[in-house]
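An overview of the molecular structure
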Amino acid sequence: MKTEHLLKVDDHDFTMRPAFGGPAIPVGVDVQVESLDSISEVDMDFTMTLYLRHYWKDDRLSFTSSTNKSMTFDGRLVKKIWVPDVFFVHSKRSFIHDTTTDNIMLRVFPDGHVLYSLRVTVTAACNMDFSRFPLDSQTCSLELESYAYTDEDLMLYWKSGDESLSIDDRISLSQFLIQKFHTTSRLAFYSSTGWYNRLYINFTLRRHIFFFLLQTYFPATLMVMLSWVSFWIDRRAVPARVSLGITTVLTMSTIITGVNASMPRVSYIKAVDIYLWVSFVFVFLSVLEYAAVNYLSTVQDRRERKMRERVRSQSLPCTCGISQTRTMTMLDGTYSEADTNSLAGYTEEPIVPEEVQADMHEVSDKPDHMVVHLSVSSESTTTKKKKSLRALNIIQNTHAIDKYSRMIFPGSYIFFNLIYWSVYC
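The following paragraphs examine the structure supplied in this document. (Residues numbered from 1 in each chain as written. Predicted model: local features only at pLDDT ≥ 70, side-chain atom pairs only at ≥ 80, totals over all residues. Heavy atoms only, no water.)

1. Observations concerning the packing of aromatic side chains
Definition in use: Pairs were defined over the aromatic rings of Phe, Tyr and Trp, the Trp ring being its six-membered one, requiring ring centres within 6.5 Å. Orientation was assigned from the angle between planes: stacked under 30 degrees, edge-to-face over 60, tilted for the rest. Categorising residues by exposure relies on relative accessible area from a 1.4 Å probe, with only protein chains included: less than 20% of the type maximum marks a residue as buried, more than 50% marks it as exposed, and the intermediate range marks it as partly exposed. Note on criteria: charge over ring means Lys NZ or Arg CZ within 6 Å of the ring centre, with the direction from the centre no more than 35 degrees off the ring normal.
Applying the stated rule across the entire model yields 27 aromatic pairs. Look at phenylalanine 130 and phenylalanine 133: their rings are 6.2 Å apart centre to centre, the planes differ by 80°, and that puts the pair in the edge-to-face class. Taking the relative accessible area as the measure of exposure, phenylalanine 130 reaches 0% and is therefore buried. Aromatic pair tyrosine 420 and tryptophan 421: ring centres 5.2 Å apart, planes at 90°, arrangement edge-to-face. A network of ring pairs unites the aromatic residues Tyr217, Trp228, Phe231, Tyr275, Phe282, Phe409, Tyr413, Phe416, Tyr420, Trp421 and Tyr424 as a single cluster. Residue placement shows arginine 186 over the ring face of tyrosine 200; its charged tip is 4.8 Å from the ring centre. Across the ring face of tyrosine 404, the terminal group of lysine 403 is positioned such that the distance to the ring centre comes to 5.4 Å.

2. Thoughts on the pattern of salt bridges
Quick reminder of the rule: By salt bridge we mean one thing: a side-chain nitrogen of Lys or Arg within 4 Å of a carboxyl oxygen of Asp or Glu. Strands are runs of DSSP state E lasting at least two residues, helices are runs of H or I lasting at least four, and both sets are numbered from the N terminus onward.
Evaluation of the coordinates by the stated rule reveals 17 salt bridges. As a salt-bridge pair, glutamate 34 and arginine 119 come within 2.9 Å of each other at their nearest N and O atoms. Of this pair, glutamate 34 sits in strand β1 (residues 25–40) while arginine 119 is found in strand β7 (residues 113–125), placing the two residues 85 residues apart along the sequence. Overall, the relative accessible area of 26% leaves glutamate 34 in the partly exposed class. Residues participating in the shared-partner salt-bridge network are Glu41, Asp136 and Arg207.

3. Side note on helix α3 (residues 210–227)
Basically, it comes down to this: A helix is expected to reach a length of 1.5 Å times the quantity of its residues less one. To get the bend at any residue, fit one axis to the seven residues that end at it and another to the seven that begin at it, then take the angle between the two axes.
Across its 18 residues, α3 extends 25 Å between first and last C-alpha, which sits within 8% of the 26 Å expected from 1.5 Å per residue. Of all the bends in α3, the greatest, near 35°, is centred on tyrosine 217, and the proline proline 219 appears no more than four residues after it. Among the residues of α3, those classed as buried are Phe212, Leu213, Thr216, Tyr217, Ala220, Thr221, Met223, Val224 and Ser227.

This is the structure we're talking about:
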């Protein structure tokens, strides 16, 4: 006997639900999750493959059987009978697997009970909150609902309560730890069509932090620590300190850009943004610190030079009566005093009397040159002590910022880390 004759498919109108015009037909549902394929932060969705099973009773499909055994059919019979029109709410893409044939199974019992099972892969939206990223936990849900039948025609429910949902123990994700799967149900209201039964498959995922520690937090921390090396480099080594500061700043910018490239453009601040931008500020302040040290050193050196020139100008006329004087002979009147001070290997000569100097001027046949005698007296012990103290103060002042920075920068960064990890962990 043909299946259509055995199940009396041609004798009934299966475009209408069972017990049409009567009470709502109960349809039980259970789900077995085969795999959780992917979680996308950029698209804010997830992909899941599952076995979706429906249970209901249709008296029109009852048949007599001496063995009381069920009959199993493939997807070809599904097109000839009534089946629940369950769909996935907020789904973006979904399909029934069709390799090697349609993955659909229909099992009919003699008393009219029906089991309808299909293997589906669905991609559904998940509203994620990244305010604590990457120290976050995400809760997503897959929602099932009848498209056409309201709660007055079809009562959709979980067949065995929380046990209606089963998952494969081998399910694992690279970035997430699956914490919990559970089921819920409630009514959904549409202003145009009415109330519908809606079933929820809820699951909670916690992100693995170790990957981001290696790829984001450790490099950022190392860049901040590398920027502190400039505090121990001589302030006169301008290329070394400037290149180190610029390198760390550019590296931090690259890290920030790489993290944000794999994330959606949300309008709020993420936890990783706070850490990276505070680290960037520390690196940037280390560059500004050297700028301040260099500027203050230049100002103090200029003041020292002016004071030294003032002392020398005051000591030049008072050379009489002072022993151990030295004279420097310069052969070009265009040389300045600073140039004479910078020359090494000058000749020492005794003081020439004025009469002899007059004779020398008269005999000289090079009027475009003149002989300049500079007598520099030996400084007294008190003046030397003052200059040494002044030089010591200048050295201490120019290195004071570096000295304090060696303590303030690491201490502040450690304090920030303690607050950050205590808040987000």
